[in-house]
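# Descriptive analysis of the structure
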Amino acid sequence: MTHSATASQWSSRIGFILASAGSAIGLGAIWKFPYWAGANGGAAFILPYVLFTFTVGVALVMAETAIGRLGRGCAAVSMGRAGGPVFALTGAAAVFTAFLILSYYAVVGGWCVSYLLDAIAGQAVSADAVTLRERFGDLVETGGRSVVWLFVFLLMTCGTVIFGVERGIERLSRILMPALFVLMLCLTVRSLTLPGAAAGVEYLLHFSPEDLTPEAILNAMGYTFFSLSLGAGILVTYGAYLPRETRIPGASMWVAALSVQASLLAGLTIMPAVFAFGLAPDAGPGLVFVTIPLVFSQLPLGGLLAALFYVCLVVVALTSSVSLLEVVVAHMTGRWHLSRRRAVVAAFAALFAAGCVPALSFGPWSDWRIFGRTAFDFLDFVCSNLLMPAGGLAVALLAGRSAWPAVAAELSSPACRPGTIAVVRVLLRRLAPVLVAVACLQSLLG
Ligand code: TRP
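Notes on the structure follow. Note that this is a predicted model, so its numbers are computed, not measured.

The next point concerns the site of the ligand. Every one of the 17 residues lining the ligand counts as a neighbour, but A24, G28, Y105, F226 and S229 are closest to it. At 3.2 Å from a nitrogen atom of the ligand is found a main-chain nitrogen or oxygen belonging to S23. One nitrogen or oxygen atom from the side chain of S229 is found 3.0 Å from a nitrogen atom belonging to the ligand. Look at the ligand: alone it shows 360 Å² of surface, and the protein chains cover 100% of it. Among the elements that take part in the shell around the ligand, helix 14 (residues 302–334) stands out by supplying three residues, more than any other. A breakdown of the residues in the shell around the ligand according to their chemical character gives ten nonpolar, seven polar and no charged.

Quick look at the environment of G200 now. Inspection of the secondary structure assignment puts G200 in helix 9 (residues 197–205). On the basis of relative accessible area, G200 is assigned to the buried category, the value being 0%. Put simply, G200 and G222 are 22 residues apart on the chain and 24 Å apart in space, counted from C-alpha to C-alpha. Apart from residues lying up to four places away in sequence, G200 is in contact with M271, P272 and F275.

What follows is about the pattern of salt bridges. Close approach of charged atoms lets side chains of opposite charge pair. Scanning all chains against the criterion turns up four salt bridges. Across the pair R174 and E170 runs a salt bridge whose closest N-O atoms are separated by 3.0 Å. Separated by four residues within a single helix, R174 and E170 lie in helix 8 (residues 165–192), roughly one turn from each other. When salt bridges with common partners are traced through the structure, they connect R69, R244 and E410 into a single cluster.

Here we take up the packing of helix 4 (residues 75–83) against helix 5 (residues 85–120). Their axes nearest at 7 Å, the elements helix 4 and helix 5 cross at an angle of 160 degrees. As judged from the angle between their axes, helix 4 and helix 5 are roughly antiparallel. Taken as a pair, helix 4 and helix 5 cross one another with a handedness that is right-handed. Facing A75, A76, M79, G80 and G83 of helix 4, the residues of helix 5 in contact are P85, F87, A88, T90, G91, A92 and V95. In the contact of helix 4 with helix 5, the residues fall into eight nonpolar, four polar and no charged.

Here we come to a negative patch on the surface. The grouping of D128, E134, D138 and E141 at the surface amounts to a negative patch. By the secondary structure assignment, D128 is in the loop between helix 5 and helix 6 (129–141).

Moving on to the nonpolar core. Core analysis: the biggest nonpolar cluster contains 160 residues, and W10, L27, I30, F289, F309 and L313 have the highest contact counts within it. Setting aside chain neighbours within four positions, we find L313 in contact with L27, I30, C112 and V288.

Under the criterion given, the structure shown has 23 aromatic pairs. Seen in terms of ring centroids, Y115 and Y310 are 5.4 Å apart; in terms of plane orientation they differ by 40 degrees. Their pairing is tilted. With Y115 in helix 5 and Y310 in helix 14, this residue pair connects regions lying 195 residues apart in the sequence. Judged by relative accessible area, which is 0%, Y310 ranks as buried. Look at F296 and F309: their rings are 5.9 Å apart centre to centre, the planes differ by 55 degrees, and that puts the pair in the tilted class. Linking F296 in helix 13 (residues 287–297) with F309 in helix 14, this pair joins segments that are 13 residues apart in sequence. Owing to a relative accessible area of 8%, F296 belongs among the buried residues under this scheme. A residue is classified by how much of its surface remains accessible, and F309, at 4% relative accessible area, is buried.

Conventions adopted
Here, residues in each chain are numbered from 1, in the same order as that chain's written sequence. Only residues with pLDDT of 70 or above have their local features reported here, since the model is predicted, and side-chain atom pairs are shown and tallied only from 80 upward, although totals for entire chains, interfaces and linings are computed over all residues. The basis for every side-chain value is the complete set of non-hydrogen atoms in the structure, without hydrogens or water. Residues are counted as near a molecule or strand when any one of their heavy atoms sits within 4 Å of it. What qualifies as a polar contact is a pair of N or O atoms within 3.5 Å, subject to a donor-acceptor requirement within protein and to the restriction that residues adjacent in sequence count only when both atoms come from side chains. With residues, only the protein chains shown are counted as cover, and all accessible areas are computed by Shrake-Rupley using a 1.4 Å probe. Counting from the N terminus, the helices are DSSP H or I runs at least four residues long and the strands are E runs at least two residues long. Ten residue types, Ala, Val, Leu, Ile, Met, Phe, Trp, Tyr, Cys and Pro, are classed as nonpolar, four, Asp, Glu, Lys and Arg, as charged, and the remainder, Gly among them, as polar. We call a residue buried when its accessible area falls under 20% of the maximum for its residue type, exposed when it is over 50%, and partly exposed in between, using a 1.4 Å probe and counting protein chains only. Residue contacts follow a heavy-atom distance rule, with two residues in contact if any of their heavy atoms lie within 4.5 Å. Salt bridges are counted wherever a side-chain nitrogen of Lys or Arg sits within 4 Å of a carboxyl oxygen of Asp or Glu. The axes are straight lines fitted to the C-alpha atoms, using for helices just the contacting stretch, and the angles between their N-to-C directions are given from 0 to 180°. Throughout, the term roughly parallel applies to angles under 35 degrees, roughly antiparallel to angles over 145, roughly perpendicular to angles from 65 to 115, and oblique to all others. Definitions for this section: a left-handed crossing has its near helix turned counterclockwise from the far helix by less than a right angle. A right-handed crossing has that turn clockwise. The residues that make up patches have over 30% relative accessible area and no salt bridge, and they are joined within 9 Å when like-charged or within 5 Å when they are Val, Leu, Ile, Met, Phe, Trp or Tyr. A residue counts as positive if it is Lys or Arg and as negative if it is Asp or Glu; His and the chain ends are not included. Throughout, a charge is located at the NZ atom of Lys, the CZ atom of Arg, the CG atom of Asp or the CD atom of Glu. We define the nonpolar core as a collection of buried residues of types Ala, Val, Leu, Ile, Met, Phe, Trp, Tyr and Cys that are connected through side-chain atoms lying within 4.5 Å of one another. For Phe, Tyr and Trp, where Trp contributes only its six-membered ring, two rings pair if their centres lie within 6.5 Å, and the inter-plane angle classes them as stacked under 30 degrees, edge-to-face over 60, or tilted in between.

See below:
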């Protein structure tokens, strides 16, 4: 076992925060959050989501990061060092989870790149819903085009990770994350100032106590996990590159706060715009590819706004996939002793091969079903509902119980308020395992 993964470090605290926020803020925030929040009762979804994020979510972010900095290796090595062979195995499972997530996440990333190029060429927006639907169908269902864009998107991801932690991932995040914030803010202001925008805000934020169903709460829990990139070894891997002098609790709070802010901004951009033009808010996955271009076609400078919007989508998709790839590459360099360059090339080949399956599952292979789902939906279900919660459970058990003394020491170096450690302990020991187990069971049975 080498320590090659440990040679890399973030140049500073802010580097870690931006890269981790880059991982957290992804297609989840822009593509999933707005329609999920709407469909699950607005504030009845958002309140538990914010509550989970700042309790169990942030505690798990701290736990993963602390385990990473303790172990200074890939997810499997760090978890093994903290808790022995069983946890090394759960760490390896997390690496596999990251690989699987990336194989379908990159498919959607490829669509985003394709739409961005269309938008730059002035072809993304149209006032005709049928044309837009056909265009999306063409891209997704012909198969061949989806595979080409998957290839391009994976090249972009690998092209970043090959430069390493500081020169690749950190530099990308330092440039793109602030730019993303400014762009999203502009789009939010534009959307909120449209006539009729208030109906969208109302749809997103309305609160009726009867909407607070167990299902909405569990969905909020699942979204918290996905949006903080928990349970796939991301923060364990990123934590291994964290300088000693960084306070983990403070940095973790920043990551959680940035992630919540991005989801809320995305919701407050998309829903007001959709309502202002009387469109359907529950178009699901097609929302950002069909509904949004329709919205832009109605606005002055719509083509430009559309290009900015798809820049945002590509940025969030890229910084998230980079984090997923780093988990895999850190494992290949640390465990299998490959050079970073070889690891990236091998990962590229494997991911492209694996990604073709979900990419083709919208078109030529759509008849091939696994437990009644297409390959894409099946992968998403297995990762989001089973593997990630299981990974989160492993982290909670490891950090809260088996390795608590070491984790507590890591969290309090450099010194933080003792109260923080006591609260994190209760969250990791008592609340996290129960909540995650319930969420797992519900998704299995439901
Ligand atoms: N958090 C990202 C999003 O919201 C997705 C993501 C990146 C992710 N890495 C992850 C999800 C690891 C789960 C685990 O889109």
